[in-house]
Amino acid sequence: SSSSSSSCSSSRRQALLGLLSAAIASKSAAPAAAKPALLDLPACKDFKQAGPVAYCELKQGSGDSPLPGDLIVVDYTARAVANDNAVYDGSRNFKFTVGNGEMIPGFEIGILGSEDGSVPAIKEGGSRTLLILPELAYGALGDGCLFGRADNCRIPPNSPVEITFMYRGLGY
């Protein structure tokens with residue numbers, strides 16, 4: 001029974017990684033369509049896949065990286081991949097405590113870096129785009145579903161999300 005659950009888990013992970021790969025491929029193959037966005041940053045051309053989070057360095061920062069528990073400031077735009085990359089959230093000078101679960105896990109990994117080092121911590125002044133699998137975003141439930149209906153959600157169930165952000169520094 002544990003081998004069948006690990007086999008199922010492995011199959012699910014492979015399916016989710018395939019979904020992420022397809023999302024990456026569609027981003028590089030799609031023409032640059034005019035979409036509402038809060039950040040005027042270049043489109044990503046070179047995603048690096050690192051497990052359930054793929055990232056693309058848009059601008060390398062030169063300052064310090066944040067640590068868990070730091071109050072930080074970011075500008076960001078978030079899109080639901082399964083909703084034709086529709087912008088569902090975004091803000092400028094947004095302050096939050098990183099590493100405390102205030103944001104989805106994939107966003108925090110994109111800021112703090114992954115435990116295995118496959119995603120490096122961002123440095124102050126840097127910007128990047130993240131493609132985050134559902135397991136580190138909103139999962140099987142999605143988010144903002146009116147009356148619990150999966151066909152009417154801000155982020156559909158099992159949708160990867162894309163977050164483009166700039167790390168401005170500590171928010172003191």
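For the structure, see preceding data.
Summarised in this report is the structure supplied together with it. Within each chain, residues carry numbers counting from 1 in the order of the written sequence. Per-residue local features are limited, in this predicted model, to residues with pLDDT of at least 70; the limit for side-chain atom pairs, both in listing and counting, is 80 or more; totals at the level of whole chains, interfaces and linings are taken over all residues. Values reported for side chains reflect all heavy atoms of the structure, with hydrogen atoms and water molecules removed beforehand.

### So, the overall build of the protein chain
Then, number 1: Tallying secondary structure elements over the protein chain gives two helices and six strands in all.
Then, number 2: Buried, partly exposed and exposed residues are distinguished by accessible area as a fraction of the type maximum, computed with a 1.4 Å probe on protein chains only: under 20%, between the cut-offs, and over 50%, respectively. For the protein chain, with 172 residues in total, the buried portion stands at 40%.
Then, number 3: Contacts in the protein chain between residues far apart in sequence, at least 24 positions, make up 70% of those at least 6 positions apart.
Then, number 4: Carbon and sulfur atoms provide 52% of the accessible area of the protein chain, an area that totals close to 9000 Å². Here a strand is any run of E in DSSP of at least two residues, a helix any run of H or I of at least four, and the numbering for each starts at the N terminus. Whether two residues touch is decided by their heavy atoms; if any such pair falls within 4.5 Å, the residues are in contact. Each accessible area value is a Shrake-Rupley result obtained with a 1.4 Å probe; residue values ignore everything except the protein chains displayed when judging cover.

### Things to note about the pattern of salt bridges
Then, number 1: Salt bridges are counted wherever a side-chain nitrogen of Lys or Arg sits within 4 Å of a carboxyl oxygen of Asp or Glu. Going through the model one piece at a time under the given rule, you end up with six salt bridges.
Then, number 2: Asp46 is the salt-bridge partner of Lys48, the closest N and O atoms lying 3.6 Å from each other.
Then, number 3: On the basis of relative accessible area, Asp46 is assigned to the partly exposed category, the value being 47%.
Then, number 4: Two residues, Arg79 and Glu162, come together in a salt bridge whose shortest N-O distance is 3.6 Å. Separated by 83 residues along the polypeptide, Arg79 in strand 3 (residues 71-80) and Glu162 in strand 6 (residues 161-170) bring together distant segments of the chain.

### Here we look at the pairing of strand 2 (residues 53-59)
Then, number 1: Pairing of strand 1 (residues 48-50) with strand 2 involves three bridges; the strand directions are antiparallel. Counted as the bridge partner of Gln49 is Ala54 from strand 2.
Then, number 2: For two strands to be treated as a pair, DSSP must find no fewer than two bridges joining them. Between strand 1 and the antiparallel strand that follows it, strand 2, lie two residues; Gly51 among them carries a positive phi value of about 70 degrees.
Then, number 3: The sheet contact formed by strand 2 and strand 5 (residues 127-132) spans six bridges and is antiparallel. Bridging across to strand 5, Glu57 finds its partner in Arg128.

### A short note on the pairing of strand 5
Then, number 1: Buried residues dominate strand 5, accounting for six of its six residues.
Then, number 2: Neither face of strand 5 is left uncovered, since the one carrying Ser127, Thr129 and Leu131 and the one carrying Arg128, Leu130 and Ile132 both have all their residues buried.

### Points about the nonpolar core
Then, number 1: By nonpolar core is meant a set of buried Ala, Val, Leu, Ile, Met, Phe, Trp, Tyr and Cys residues that side-chain atoms within 4.5 Å join together. Val74, Phe96, Phe107, Ile111, Ile132, Ile163 and Phe165 are the most contacted members of the largest nonpolar core, which has 26 residues in total.
Then, number 2: At five residues, strand 3 tops the list of elements feeding residues into this core.
Then, number 3: Non-local contacts of Val74, meaning those with residues more than four positions away in its chain, are made with Ser91, Arg92, Asn93, Phe94, Phe96, Phe107, Phe165, Met166, Tyr167 and Arg168.

### Here's the deal with the environment of Ile104
Then, number 1: Among the secondary structure elements, Ile104 is positioned in the loop between strand 4 (86-97) and helix 2 (105-112).
Then, number 2: C-alpha separation for the pair Ile104 and Glu135, spaced 31 residues apart in sequence, amounts to 9.8 Å.
Then, number 3: Among all residues touching Ile104, those that are not within four sequence positions of it are Ile132, Leu136, Ala137, Tyr138, Val161 and Ile163.

### Here's the deal with the sheet that holds strand 2
Then, number 1: Sheet architecture is open: six strands sit in the order 1-2-5-6-3-4, paired in antiparallel fashion. Looking at the sheet topology across the chains shown, the edges are occupied by strand 1 and strand 4. Strand-to-strand twist in this sheet, taken as the mean axis angle between neighbours without regard to direction, amounts to 20 degrees.
Then, number 2: Across nine bridges, strand 3 lies against strand 4 in antiparallel orientation. Axis definition: a line fit to C-alpha positions, over the contact stretch in the case of helices; interaxial angles, taken between N-to-C directions, run 0 to 180 degrees.

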